[in-house]
Amino acid sequence: MKKICFNKKYGYVLMLLVAWLGTPTAFAQSPWDALAAKPSTLGLDSGLMAFNTPDFQLKLVKASQTVAALNPNSENKFDFTPGERLELRSKDGMYHLGDITFKVRSGGTTDWKSYSTAAKRGTVTAIAATAPVLAAADLTGTLPQDAPLLVQRYWEVRDHHLVLRFVLQNKTQQALEIGALGIPMVFNNIMEGKSLEEAHAGNVFYDPYIGKDAGYLQVTRLSGHGPVLLVVPYKNASLEAYNPLLDDPTPRGITFEGFHEWTIYSRAYADKEWKDAEPWNTPTSSYMLKPGEVREYALQFLLASSVKSIERKLAESNRPVAIGVPGYILPQDVNAQLFLSYKEKVKSIQVEPQRALTLQPKGKAANGYAIYEVKGNQWGRARLSITYNDGLCQTISYKVIKAEKEVVKDYGRFLTQKQWFNDKSDPFGRSPSVISYDYEKGEQVTQDSRAWIAGLSDEGGAGGWLGAMMKELLQPDKQEVSRLQQFVNNTLWGKLQHSEGKEKYGVKKSLFYYQPDEMPAGTYNTAINYKTWAAWSHKDANDVGRSYNYPHVAAAHWALYRLARNHTGLVTEQNWQWYLDKAYNTSMAMVKLAPYYAQFGQMEGTVFYLILMDLKAEGWFTLANQLENAMKARANHWRTLQYPFGSEMPWDSTGQEEVYLWSKYFGYGDKAAVTMNAILAYMPTVPHWGYNGSARRYWDFLYGGKLQRVERQLHHYGSGLNAIPVLSEYRNHPEDTYLLRVGYGGTLGAISNITQDGFGSAAFHSFPSTLKIDGLSGDYGSNFFGYAVNTATYLTHDKELGWLAFGGNLELNGSWVKVNVTTAAQSQLYIAPLGLWLTLDAGTFKSASYNTKTRQLQISLNAADAYTPVAYLHIQQPTALTGGKKYGLTKSFSQQRGAFAIPLKKTITQLTLAERK
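Residues numbered from 1 in each chain as written. Predicted model: local features only at pLDDT ≥ 70, side-chain atom pairs only at ≥ 80, totals over all residues. Heavy atoms only, no water.

Another aspect to go through is unusual backbone geometry. Looking along the chain, the bond that leaves Ala131 and enters Pro132 is cis, with omega of 10°. Structurally, Pro132 can be placed in the loop between β8 (125–127) and β9 (133–138). Residue Gln826 is not a glycine yet carries a positive backbone phi of 55°. Mapped onto the elements, Gln826 comes out in the loop between β36 (816–821) and β37 (828–831). By relative accessible area, which is 10% here, Gln826 ends up buried. (Helix = DSSP H or I, 4+ residues; strand = E, 2+ residues; numbered from the N terminus. Buried < 20%, exposed > 50% of the residue type's maximum accessible area, 1.4 Å probe, protein only.)

It is worth spelling out helix α21 (residues 780–790) at this point. With 11 of 11 residues buried, α21 lies mostly within the body of the structure. Buried within α21 we find Tyr780, Gly781, Ser782, Asn783, Phe784, Phe785, Gly786, Tyr787, Ala788, Val789 and Asn790.

Another aspect to go through is the pairing of strand β25 (residues 380–388). Of all nine residues making up β25, eight are buried, and the element is well covered by its neighbours. Taken together, the six bridges between strand β22 (residues 346–352) and β25 define a ladder with antiparallel strand orientation. Pairing of Val351 across the sheet is with Leu384, part of β25. When β25 meets strand β26 (residues 393–401), the two strands line up antiparallel, connected through eight bridges. Bridge pairing in β26 places Thr387 opposite Cys393. The antiparallel pairing of β25 with β26 creates a hairpin that spans four residues between the two strands, and Gly391 there sits at a positive phi of about 90°. (Pairing = 2+ DSSP bridges.)

Core analysis: the biggest nonpolar cluster contains 260 residues, and Phe187, Leu338 and Trp465 have the highest contact counts within it. In terms of residues, this core owes the most to one element, helix α11 (residues 550–566), which gives 11 residues. Ignoring any residue separated from it by four or fewer positions in sequence, one finds Trp465 in contact with Val434, Leu456, Phe487, Leu492, Leu496, His552, Val553 and Ala556. Grouped together as the second largest cluster of nonpolar side chains are 28 residues, Val821, Leu834, Phe845 and Leu889 included. (Core = buried A, V, L, I, M, F, W, Y, C linked by side-chain atoms within 4.5 Å. Contact = heavy atoms within 4.5 Å.)

One key point about sheets: their strands pair by backbone hydrogen bonds, in either a parallel or an antiparallel sense. Taken together, the seven strands give an open sheet; going across it, the order is β34-β33-β37-β38-β41-β44-β43, and neighbouring strands pair in mixed fashion. Both edges of this open sheet fall to β34 (802–806) and β43 (895–896), since each of them pairs with a single strand only. Direction of pairing for strand β38 (residues 836–842) relative to strand β41 (residues 870–876): antiparallel, over a ladder of five bridges. In the strand pairing of β41, Ala842 is matched with Tyr872.

Moving on to the confidence of the model for the protein chain. Of all residues in the protein chain, 96% attain a pLDDT of 70 or more, and the chain-wide mean is 95. Low pLDDT, under 50, characterises residues 1–28; the predicted model gives this stretch 77 contacts beyond four residues in sequence or across chains. (pLDDT = per-residue confidence, 0-100.)

Another aspect to go through is the packing of aromatic side chains. Within a pair of aromatic rings, the relevant descriptors are the distance that separates the centres and the angle that separates the planes. Scanning the model with the defined rule gives 60 aromatic pairs in all. Plain terms: the ring middles of Tyr265 and Tyr297 are 5.8 Å apart, the flat faces sit at 90° to each other, and that makes the pair edge-to-face. Placement of the pair is Tyr265 in strand β17 (residues 260–265) and Tyr297 in strand β18 (residues 294–304), with a sequence separation of 32 residues. Look at Tyr297 and you get buried, because its relative accessible area is 1%. With centroids separated by 4.9 Å and ring planes inclined at 75°, the aromatic side chains of Tyr596 and Tyr597 adopt a geometry described as edge-to-face. The rings of Phe428, Phe512, Tyr513, Tyr514, Tyr524 and Tyr530 are connected pair by pair, giving a single aromatic cluster. One Lys or Arg, Lys509, reaches over the ring of Trp536 and ends 4.1 Å from the middle of that ring. The side chain of Arg897 reaches across the aromatic face of Tyr872, ending 5.2 Å from its centre. (Phe/Tyr/Trp six-rings, centres within 6.5 Å; stacked < 30°, edge-to-face > 60°. Lys NZ or Arg CZ within 6 Å of the ring centre and 35° of its normal.)

What follows is the structure in structure tokens.
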């Protein structure tokens, strides 16, 4: 995130990725200029063909019959495809909607041979078309001469919707096996040279549900506004895999993550390119096509009116719909639910690995959904294959994890033991600390060509200690807290953060740097390439002007303040006032010492709000007013922008968290709404643990990962951070279960990449050649921050699905609905029918019981422990579902800092809340 410079005309200028490799002079021109210089081969001179369909205005290039534009009738100036770059992308090797790729071998051979209609363009031969066919072509002219398949393509309208159909015929005298078959999905996710306003007006993101016959692709506009394009199977087009088209020469980078193809068969890839990965679905190939035999494959294009109406549109189109509660990441102590809707009944259900999941049918919901209780038994990935009576096979990908309490406990242990760096001779002053870790090597990372990775700052270097600090908020451990005090008081304060002088409270970009003329011979590992822009000099590493480094440090101080203030005997080296003062001054230093980047929303910017609330609770009103004014000045700037979540990047998914928060706080509801719509555009809910609630991010493996490449990251820190505003929005609109599903998917996604022994990975690699966590801890701490401040138990009633629990287990007994809390912190509880938000600064919830007749609420608090004799309970009602009536405790307790102080017992403490008269 360091190599983007602001440019007033275009928003941002992207340094070439070649600079990342340390050879900045390798190109005399940009990749985009080089692409423009190539000859056009698509046949644009022959003109275009235009067609009107019930949903779209379709334009095809006459010579290729590939898509030139796809405009929805409801907004016909918007194009889902990159038609604006049609001429630039009219070169050999560049994929367009309507292309096809395949790998074939004849009977008795082992090697697969690859073919593509895009590799070397030729003119296709038009086939006479009559309704319902719009246009048809024989693609022989744009395939190699030795292609063993005759391929015909048809654009047509079937069932009132646009359909893309391919007819493949074996034209040889030998039986053929198709081992890979892909249809490139080419939509306009290219943001090169665009401002935020232009990108949100004209660009899209798209994500797959890799669910075989029930799979689909959702193509959403960056603004979050409808319509939404849905690509679904129409005939023999199972979405078995989702393959990146890495051979397309469109320059991939921070402004373009690349295209993918809808992969119907993937066995040929699994045999070679993906042989080291565990695929989402079992790789298949076609049966042996006899000489002259024909096989058809077709996709259909639907339009949903909005992001939230996707499932309704699927159901209306007789597509299977699956809804998982609390999602598809299953803690082993949670009784999850799966709701299935399809026109046919379930014929069979298969679990792989066989004992990974247990399913029990539980009747039907009010809307006819079949209900199943799902239990996760075996840690790791699991696949559910559901076969319906008509033969349709739907797969759902789950991830089973330990109980959340165990996951977090393991994480804290790993951080403060395996990642604990204690070398007093370290020349960079990083001891003691929690340092980055290479899980594949099983060793700490004390040197890296990216200075920040080994330098304890930036997201990629602060990730370890930030995660460790936040873990203690959830599960305080005396020994772990002791070590983290040493880190904050001896390494963070005075080394990473200035403790005196004109830059006091300023945060350095890195403690590690590359300055061989200052260091003894042998200091630096000669096997590492330090000849890159990322190997910062001592001067560059000392720069305090990067605002994104400040929230991490503020969060560390704030965490120790909370532990010292709300518990007894945990924090001993400084008093709570010392840590709160440092949290405040770090927040103010950001806007003073790093004003340029502070104009943008910050990842973990939520911490500034939390610090402000604690300043007010403590009665530190002068400091609180100063901090609030500083934050309002930033929010006032955002208020002037159409899309107020800029970044050091051309487009980003991290600033929205803080922009939403302050926009809501200062009453700028229009900007909060714009921000929420944008989040929902890049944060899908689909029946797949990797994509459900996974906020889009595709470049941070370059900066925080071990396997460095541009790639859709699954549950990178965008998941945990963007879930904060989504769940906040839900608490204001408890009738909108869609928000709860998305937000909770991101919250659990934040801990899905913690291993069985507690290592927290930067993210999960989505490329089908990999499909595993990254080997470096990197910037995972920001993800865990999101989980730590956002994890909560939600009890809600959905009018279609009934009573639901997220973060707990339901018990129904007459008019009583009980939820037993299963989150790691057990400190936050939302009762949706009452709009009631209960939070604990100390102490933990055991359960909550709601009476649907009397509307009374009973909560149980767990027993006291050695460091927590008192629970501090806050009662809030973000939305007025009780007709303006407020809820309160039926028993009186003293109040401290806005919370009810409840003495804890050696046993369970029972409390009752009811409407105040």
